[in-house]
Each structure stands twice: as C-alpha cells, then as structure tokens.
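# Remarks on the overall topology
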Amino acid sequence: MIQTTAVVVGAGHAGLAMSRRLTERSIDHVVIERGEVANSWRTQRWPSLRLLTPNWQTRLPGYDYCGDDPDGFMPAADVVATLTAYARLVGAPVRTDTAVRTLRAGPRGFEIEANDDLIRARAVVLATGACSLPAIPGLAGTVPPTITTLTPFSYRDPGQLPAGGVLVVGASATGVQLAGEIHRSGRPVTLAVGEHVRLPRSYRGRDIFWWLEATGLLVERYDEIDDLTRARHLPSPQLTGTPEAITTDLNSLTALGIRIVGRLGRITDGVAQFSGALANTCALADLKMNRFLTRADQWATASGLDDDLPPPHRPAPTRVDPRTPLELDLISGEITTVLWATGFRPDHSWLDIPVRDRTGRIRHDGGVVTGAPGLYLLGMPVLRTRASTYIHGAGADSGALAGHLHSFLGSRRRQ
Ligand SMILES: Cc1cc2nc3c(=O)[nH]c(=O)nc-3n(C[C@H](O)[C@H](O)[C@H](O)COP(=O)(O)OP(=O)(O)OC[C@H]3O[C@@H](n4cnc5c(N)ncnc54)[C@H](O)[C@@H]3O)c2cc1C
C-alpha cells in the first residue's frame with residue numbers, strides 16, 4: 001500500500017502542469033500514467049497531425065516555447081518530445097505503465113487501485129483528458145457492413161484505406177484536416193458538415209490565436225459565460241496547422257474538389273441522408289466568424305493598432321452548391337470508407353464515486369468536483385476559462401486548483 005498526499009491521474013500536459021504546481025507548494029504527490037508521458041499523443045493521434053495552436057502558445061508553468069519556429073505548428077511527435085522534456089524539467093514523479101482501475105472514497109480521502117497497487121491519498125486530480133475516446137453517433141450501427149469504418153484513433157494515413165470514395169463525417173478541426181489529406185491521396189472525398197466554428201488561419205497579418213488571446217476571448221471565465229453548457233460542447237474550430245499556415249475552410253476544400261454535403265442525419269437501407277440545412281449552417285458559422293472579426297477590429301482600434309496592421313477585411317462567404325445531394329447510396333460501391341470525425345469524449349469509467357450528473361458528466365465548479373471534497377478535474381474544455389480547452393490553459397487552471405487543493409489540505413489538518 002502506498003500513502004501519499006495527492007495523486008494526479010494522467011501524465012499529459014495537464015497532469016504534468018499540476019505536478020509542477022504541487023511541487024511549487026511542496027505537496028507530496030505521484031502522477032499515475034497508464035502508458036508513458038504524453039501517452040495520448042503517442043498512441044491516439046494520427047502521425048500527420050500538427051497542433052492547430054501556434055508554437056509560441058505552447059507554454060506551461062515554468063516552460064515557454066524556445067525553439068526557432070514560434071509561428072509554426074508542432075507535429076504530434078514534437079508534442080511528445082516537448083511533454084517528455086517538460087516532465088523531466090519539472091521533475092514530475094510519474095509512475096508509468098500504471099493504469100488506474102478504480103478510484104473510490106477511502107479512509108481520510110481516496111483509495112486508488114492501479115495495477116497491483118493500492119494507493120491512498122487525501123486529494124486526487126483527474127487529468128485523464130477530454131479526448132480519451134472517439135464520440136461516434138448512434139447511427140454508426142446502420143452503416144452497411146461492406147463499408148470500412150474508422151475513427152481518428154484508428155486512422156493512421158490514407159494508405160490504410162481501401163480504394164474508393166471516403167465519407168468523412170464531421171467538419172471541425174479533425175474532419176477538415178483528414179478530408180484534405182485523404183483527398184490528396186487521390187480518393188474522392190465527401191465531407192458531411194454539421195454545426196461548425198469557422199475561423200481564418202490568420203487575420204490582418206496575425207495568427208487567429210493571437211487575436212483570440214489579444215481580445216481577451218480566451219480568458220473569459222466559466223462563471224461569466226452565458227451558456228456554459230453550450231460553450232463546453234462547441235466543436236473545435238475549423239483550423240489546421242500547416243507549415244504554410246493556410247486557411248482550411250469549406251471554400252478551400254471545395255476548391256480542391258472535395259464534395260461538401262449537409263449533416264449526416266440517418267442511414268436508411270444503406271442510403272445516407274444529409275440535412276438540407278447546409279446553407280443555413282454555413283451562413284451561421286460565417287456570421288459568428290464575422291462577429292468575432294468585428295470584435296477584433298474594435299479591439300485593434302481601441303488599442304491604437306490600426307496603423308500597424310493591414311486593414312480589416314472579411315473572408316468570402318461559404319459557397320454552398322444549390323445542387324448539393326441530400327442522399328448518398330452507401331451500397332453502390334461509390335463510398336468504401338466512412339471516417340467518423342465526430343468528436344471525442346472523456347473516459348472516467350473507473351471512477352467509483354457518485355459525482356456524475358444525469359448525462360454522465362462529472363459535476364464540478366471550475367474543476368472543483370461537487371460533492372467530493374479533495375477531488376479535482378483538469379484538462380476539460382472551458383473548465384475555468386475558454387483557454388482551458390488548449391494546452392496553455394492548463395497553466396492558470398492548475399495554479400488555481402493547486403491553490404484550492406492546498407487550502408483543502410490545510411482545512412483538513414485543522415479539523
Ligand atoms: C486531435 C486533437 C488535436 C488537438 N490539438 C490541439 C492543439 O492544436 N492545441 C491544443 O492546445 N490542444 C489541442 N488538443 C486538445 C488537448 O490539448 C489535448 O486533448 C490534450 O492531449 C489533452 O491533454 P490532457 O493532459 O488533458 O490529456 P491527455 O493528453 O489525454 O493525457 C491524459 C493522460 O491520462 C492517461 N490516462 C487515462 N486514463 C488513465 C487511467 N485510468 N490510469 C492512468 N492513466 C490514465 C492517458 O494515458 C494520458 O496520458 C487536441 C486534441 C485532439 C484530440
């Protein structure tokens with residue numbers, strides 16, 4: 001049996017950032033990791049993936065990007081290298097190859113079963129990630145059995161796909177990147193587009209993440225956001241990180257020759273049926289993008305930057321072909337692969353503490369889990385601010401939660 005003050009579950013960037021914060025406060029802890037440091041970037045991401053956030057934004061407590069390409073976008077392999085070096089830099093006490101099988105309430109805190117060990121701790125931080133499993137819609141079960149189906153977890157590169165057409169379902173960051181990559185391999189690609197967040201890669205000479213940060217949007221707090229549930233479930237922005245920093249939007253994909261269709265609604269007798277609301281969906285995404293660009297322009301004017309920046313402009317509206325098909329026969333042989341780029345979800349199936357709501361999500365207030373003093377959640381979208389969704393957001397979040405955890409331990413000592 002191992003006794004420690006705090007346990008952090010997961011050695012991705014969030015768990016490592018928390019480890020650094022706990023060390024800063026001299027809180028004895030271990031980080032438990034089922035694989036190696038940065039396991040999800042090693043095992044769950046496809047090789048060609050690059051971060052969509054620029055390198056300069058890859059910063060963690062005690063670490064700032066110091067490479068020679070601050071405006072570039074890190075390939076997944078470099079994320080692994082960066083996080084591995086970060087774990088060493090902060091001296092994170094990581095126990096690798098140790099999977100948590102159960103976390104339950106225990107005497108004076110929590111009990112964790114991990115491999116053959118029993119670990120007791122007064123506080124636990126759940127940092128196992130928001131993207132532990134692909135989120136696949138129920139209609140996946142109605143895809144004809146002749147079709148090969150893949151998720152971003154099983155996708156490696158286009159070479160693994162059978163010859164023939166590919167239906168990519170979902171047009172957020174993952175879907176638009178993989179649609180482009182598969183199209184370049186010579187396979188005809190159809191992209192089913194539901195609600196999405198359109199953003200240009202850069203605006204007025206600056207990367208869009210520069211604007212998102214400068215305007216203060218990313219630091220909007222969770223308790224100041226009108227519709228927090230919606231904010232936490234927004235799809236990832238339609239952005240890719242490429243060496244050329246190109247904008248990957250529906251217009252650019254259409255220009256490549258990718259066929260855009262509406263949201264996949266049903267598959268009946270092998271026929272996929274797409275929403276007829278594609279034009280409206282795109283118009284809404286355009287409207288929201290332009291609303292943000294207006295906010296950016298107003299901020300630039302108020303900050304006296306207009307003379308230093310190129311003038312405001314607006315990307316062309318998304319073009320939707322009025323003849324867009326509403327159906328696609330999946331039995332005809334035209335489509336041989338369906339790729340579900342329909343998002344990701346966390347996996348806390350090993351958590352044996354009643355802290356979930358009706359929908360199965362952990363109830364928490366900015367990462368402080370409700371009804372389980374000493375239990376914390378880190379690395380979730382819009383956990384404490386909009387930046388929580390991204391790597392750099394773990395800095396402030398881990399600082400705030402480590403402060404709470406420290407006070408919690410102090411209050412327990414006084415009892
Ligand atoms: C395709 C994709 C692209 C992304 N691109 C970007 C981007 O460009 N920029 C950005 O800022 N963010 C990006 N993100 C979002 C986010 O930064 C990543 O999801 C990131 O990996 C989350 O870090 P994390 O530390 O919260 O979780 P993870 O990196 O997933 O780490 C969790 C760790 O917990 C371990 N674990 C899980 N269960 C257990 C268990 N039971 N016992 C022990 N260990 C366990 C896992 O092995 C893993 O190592 C992307 C996400 C995805 C899915």
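Structure's up top.
Structural notes, computed from the coordinates. Bear in mind that the values here come from a model prediction, so they are computed numbers and not experimental data.

### Section: the sheet that holds strand β15 (residues 259–261)
Strand pairing in a sheet is mediated by backbone hydrogen bonds. Such pairs are either parallel or antiparallel. The strand order across the open sheet formed by five strands is β8-β19-β9-β10-β15, and the pairing between neighbours is parallel. The sheet is open, and its two borders are formed by β8 (148–150) and β15, each paired with just one other strand. Each adjacent strand pair in this sheet contributes to an overall mean axis angle of 20°, direction not counted. Strand direction decides the pairing type here: strand β9 (residues 165–169) and strand β10 (residues 189–192), joined by four bridges, are parallel. When the bridges of β10 are listed, V169 appears paired with A192. With respect to the sheet, helix α4 (residues 173–184) is in contact with β9, β10 and β19 (335–340), its orientation differing from that of β10 by roughly 170°.

### Topic: the packing of helix α1 (residues 13–24) against helix α3 (residues 76–89)
Here α1 crosses α3 at 15°, and the two axes come no closer than 10 Å. Considering their axes alone, α1 and α3 lie roughly parallel with respect to each other. Here α1 and α3 pass one another in a crossing that is left-handed. On the side of α1, the interface is formed by H13, L16, A17 and R20, while α3 contributes L83, Y86 and A87. Residue composition of the contact of α1 with α3, by class: five nonpolar, one polar and one charged.

### Focus: the sheet that holds strand β17 (residues 271–274)
Pairing within the open sheet is antiparallel, and its three strands lie in the order β16-β17-β18. Among the strands making up the open sheet, the edge pair consists of β16 (264–268) and β18 (327–329). Strand-to-strand twist in this sheet, taken as the mean axis angle between neighbours without regard to direction, amounts to 20°. Bridging between β16 and β17 involves four bridges; their strand directions are antiparallel. Among the inter-strand pairings, L264 is bridged to a residue of β17, identified as F274.

### Some details on the site of the ligand
Not every one of the 31 residues close to the ligand is listed here, only the nearest: E33, N39, L52, T53 and I391. Contacts to the ligand include H13, whose side-chain N or O atom sits 3.0 Å from an oxygen atom. Within the side chain of S40, a nitrogen or oxygen atom sits 2.8 Å from an oxygen atom of the ligand. When isolated, the ligand has an accessible area of 970 Å², and the protein chains bury 93% of it. Of all elements in the fold, only α1 and α2 (39–43) reach the threshold of two or more residues within the shell around the ligand. It is α2 that contributes the most residues to the shell around the ligand, three residues altogether.

### Regarding the packing of aromatic side chains
Note on aromatic pairs: each is described by the distance of the centres and the angle between the planes. Following the criterion strictly, the structure yields seven aromatic pairs and no others. Judged by centre distance (5.1 Å) and plane angle (80°), the rings of F209 and Y390 are edge-to-face. You can see F209 sitting in helix α5 (residues 208–214) and its partner Y390 sitting in the loop between β23 (375–377) and α9 (393–414), a full 181 residues away along the chain. Both residues of the pair, F209 and Y390, belong to the buried class. Measuring from centroid to centroid gives 4.9 Å for W210 and W211, while their planes differ by 90°, and the two rings are edge-to-face. W210 gets classed as partly exposed once you look at its relative accessible area, which sits at 23%. Connected via pairs of aromatic rings, a cluster forms that spans Y203, W210, W211 and W299. When the ring centre of W41 is taken as origin, the NZ or CZ atom of R45, which lies over that ring, is 4.5 Å away.

Cut-offs used in this document
- Residues numbered from 1 in each chain as written.
- Predicted model: local features only at pLDDT ≥ 70, side-chain atom pairs only at ≥ 80, totals over all residues.
- Heavy atoms only, no water.
- Pairing = 2+ DSSP bridges.
- Helix = DSSP H or I, 4+ residues; strand = E, 2+ residues; numbered from the N terminus.
- Axes fitted to C-alpha atoms, helices over the stretch in contact; angles between N-to-C directions.
- Contact = heavy atoms within 4.5 Å.
- Parallel < 35°, antiparallel > 145°, perpendicular 65-115°, else oblique.
- Left-handed = near helix turned anticlockwise from the far one by under 90°.
- Nonpolar A, V, L, I, M, F, W, Y, C, P; charged D, E, K, R; others polar.
- Near = heavy atom within 4 Å.
- Polar contact = N/O pair within 3.5 Å; in protein donor to acceptor, adjacent residues only side chain to side chain.
- Areas by Shrake-Rupley, 256 points an atom, 1.4 Å probe, with all protein chains shown as cover.
- Phe/Tyr/Trp six-rings, centres within 6.5 Å; stacked < 30°, edge-to-face > 60°.
- Buried < 20%, exposed > 50% of the residue type's maximum accessible area, 1.4 Å probe, protein only.
- Lys NZ or Arg CZ within 6 Å of the ring centre and 35° of its normal.

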